[in-house]
Structures are given as structure tokens and as C-alpha cells.
Amino acid sequence: AVAVMELLEDAGDFEGTASELLTVLEFYTPETMRNIRSWPKTPRGLSNRLRRAATFLRQTGVEVEFARKADASRQRIIRIQKDF
């Protein structure tokens, strides 16, 4: 949740796949934090952690939405935005 907050402060909104989000969040997280056991190692793990943290993030003004693209690929997309 802390890495997501830092991402939003720096880049604003995010929309993309869990793989893309995991790559971006690694940039905002120190290596010592990424090496601890609780850091998600896979996109699926990240999605699960985000779903569990969604209530906390909503309380801090961050909206997390899980959707699918409307095109033929039907990719799973994560949208994260700060409520103003």
C-alpha cells in the first residue's frame, strides 16, 4: 500500500496489467523491502495483495478497480486513482 501511495504521488493515476504494476512498483520500493517475504513476487500475488489492501486504500482516498479490456484480448486491467 505504501508503494502504491508513492506511485500516485509521483505519477498520478495508473492503468495497466498486474505485471506492469509490479514492474513500476519495484522502482518505488527499496531493494531491502522487495527482499522481504511479504513482498509479492508474481503479478497474481500483487493482485491478491491489492484486493486485500483495497479497503485501507479507499480510506486514504485511493480507488482501486479491477476490470477487463473491452477488446478481443479481454486483458485484466488494474486502475488506481486518487479521489479528490
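Whatever comes next refers back to the structure up there.
**Q** I would appreciate a short explanation of the pattern of salt bridges in the present structure.
**A** Should the charged atoms of two oppositely charged side chains come close, the side chains can pair. Applying the stated criterion across every chain, the model contains four salt bridges. For the salt bridge of arginine 58 with glutamate 63, the shortest nitrogen-to-oxygen distance reads 3.8 Å. As a salt-bridge pair, glutamate 65 and arginine 79 come within 3.2 Å of each other at their nearest N and O atoms. A residue pair is termed long-range when its members are at least 10 positions apart, and glutamate 65 in strand S2 (residues 62-68) and arginine 79 in strand S3 (residues 76-82) qualify at 14 residues. Under the relative-accessibility criterion, glutamate 65 is labelled partly exposed at 37%.

**Q** Sorry if this is basic, but what is going on with the sheet that holds S2 here?
**A** The pairing of strands in a sheet happens through backbone hydrogen bonds and is either parallel or antiparallel. With respect to topology, three strands assemble into an open sheet ordered S1-S3-S2, the strand pairing being antiparallel. Both edges of this open sheet fall to strand S1 (14-16) and S2, since each of them pairs with a single strand only. Ignoring strand direction, the axes of neighbouring strands in this sheet form an average angle of 10°. Here S2 pairs with S3 via seven bridges, running antiparallel. Within the sheet, the bridge partner assigned to glutamate 65 lies in S3 and is arginine 79. On top of the sheet, helix H1 (residues 2-11) reaches S1, S2 and S3; it is set at about 70° to S3, its chief contact. The sheet strands contacting helix H2 (residues 18-28) are S1 and S3, and the helix crosses S1 at an angle near 135°.

**Q** Before we go on, may I ask you to explain the pairing of S3 in this structure?
**A** Taken residue by residue, a regular strand's side chains alternate between the two faces of the sheet. In terms of strand pairing, S1 meets S3 through three bridges, oriented antiparallel. Each bridged residue has a counterpart across the sheet, and for glutamate 15 the counterpart in S3 is arginine 79.

**Q** I keep staring at the packing of H1 against H2 and nothing clicks. Help me out?
**A** Describing two packed helices takes the angle between their axes plus the distance from one axis to the other. The geometry of H1 relative to H2 is characterised by a closest axis approach of 9 Å and an angle of 85° between their N-to-C directions. Classified by the angle between their axes, H1 and H2 sit roughly perpendicular to one another. Along the contact surface, H1 presents Ala3, Val4, Glu6, Leu7, Asp10 and Ala11, while H2 presents Leu21, Val24, Leu25 and Tyr28. Its residues assigned to classes, the contact of H1 with H2 shows eight nonpolar, no polar and two charged.

Basis of the calculations
Residues numbered from 1 in each chain as written. Predicted model: local features only at pLDDT ≥ 70, side-chain atom pairs only at ≥ 80, totals over all residues. Heavy atoms only, no water. Salt bridge = Lys/Arg side-chain N within 4 Å of Asp/Glu carboxyl O. Helix = DSSP H or I, 4+ residues; strand = E, 2+ residues; numbered from the N terminus. Buried < 20%, exposed > 50% of the residue type's maximum accessible area, 1.4 Å probe, protein only. Pairing = 2+ DSSP bridges. Axes fitted to C-alpha atoms, helices over the stretch in contact; angles between N-to-C directions. Contact = heavy atoms within 4.5 Å. Parallel < 35°, antiparallel > 145°, perpendicular 65-115°, else oblique. Nonpolar A, V, L, I, M, F, W, Y, C, P; charged D, E, K, R; others polar.

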